[in-house]
Amino acid sequence: MTGRELVERAEAAAARAYAPYSNYFVGASLLLKDGSLVDGVNVENAAYPLGVCAERTAIAKAASEGVRPGEIEAIGITASPCGGCRQWLYEFRIDRVTFRNSEGEIVSYTPAELLPDTWELD
Ligand code: THU
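Sequence order as written defines the numbering, with residues in each chain counted from 1. pLDDT decides what is reported in this predicted model: residues at 70 or higher carry local features, side-chain atom pairs at 80 or more are listed and counted, and totals for whole chains, interfaces and linings draw on all residues regardless. Note that water and hydrogens are dropped before the side-chain values are worked out from all heavy atoms of the structure.

(A) Examining the environment of I59 more closely. Relative to the helices and strands, I59 is located in helix 2 (residues 54-64). Working definition: with a 1.4 Å probe on protein chains only, accessible area under 20% of the residue-type maximum means buried, over 50% means exposed, and in between means partly exposed. Judged by its relative accessible area of 1%, I59 is buried. Sequence separation between I59 and G40 is 19 residues, and the spatial gap between their C-alpha atoms is 7.8 Å. For this analysis, residues touch if any pair of their heavy atoms sits within 4.5 Å. Discounting chain neighbours no more than four positions away, the residues touching I59 are L30, W88, L89, F92 and I94. Each helix corresponds to a stretch of at least 4 residues labelled H or I by DSSP, and each strand to a stretch of at least 2 residues labelled E; elements are numbered beginning at the N terminus.

Here's what the structure looks like:
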């Protein structure tokens with residue numbers, strides 16, 4: 001599955017976002033190394049800071065099913081990932097991160113490119 005196809009899947013998933021406060025609908029689709037796909041959307045809350053980004057929803061769904069760092073091949077996102085999500089992408093060692101940049105072009109990076117000199121616990 002190409003990065004473009006993954007972004008298109010994320011764009012379809014974004015229609016299911018729960019974003020009544022921002023009306024900014026985000027989708028994220030994971031391609032696992034076993035070939036399976038996991039979608040996520042942003043899920044907002046009336047207590048605004050409690051909302052969850054689409055990328056984190058998708059990764060938390062996968063992790064809840066037992067997926068661990070190194071087992072996710074790629075993620076497609078409808079927009080550039082926020083700083084906090086970049087740390088999550090790095091944690092799960094996703095090989096390839098693809099999204100539409102502000103010009104609408106499909107671009108791909110590694111998590112380390114998106115978050116250079118990353119903090120690590122050890
Ligand atoms: N959002 C995401 O889902 N992912 C990001 O990487 C950036 C922001 C969501 C959070 C909130 O529901 C909405 O976009 C507006 O900030």
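(B) Seen up close, the site of the ligand. For this description, a residue counts as near a given molecule or strand if any of its non-hydrogen atoms is within 4 Å of it. S22, Y24, V26, N42, E44, C53, A54, E55, S80, P81 and C82 make up every residue found near the ligand. Counting of polar contacts relies on pairs of N or O atoms within 3.5 Å, with two restrictions inside protein: one atom must be capable of donating a hydrogen and the other of accepting it, and residues adjacent in sequence are counted only when both atoms are side-chain atoms. One of the backbone nitrogen or oxygen atoms of A54 is found 2.9 Å away from an oxygen atom of the ligand. Each accessible area value is a Shrake-Rupley result obtained with a 1.4 Å probe; residue values ignore everything except the protein chains displayed when judging cover. The fraction of the free accessible surface of the ligand (380 Å²) that becomes covered by protein chains is 74%. Gly falls in the polar group here, along with every residue not listed as nonpolar (Ala, Val, Leu, Ile, Met, Phe, Trp, Tyr, Cys, Pro) or charged (Asp, Glu, Lys, Arg). In the shell around the ligand, the residues fall into six nonpolar, three polar and two charged.

(C) Structural view of helix 2. Taken residue by residue, helix 2 has A54, E55, T57, A58, I59 and A62 as its buried positions. Against the buried residues of helix 2 lie strand 1 (27-32), strand 2 (37-41), strand 3 (72-77) and helix 3 (83-91). Backbone geometry just downstream of helix 2 places G66 in the positive-phi region, at approximately 105 degrees.

Nothing here speaks to function; it is all geometry.
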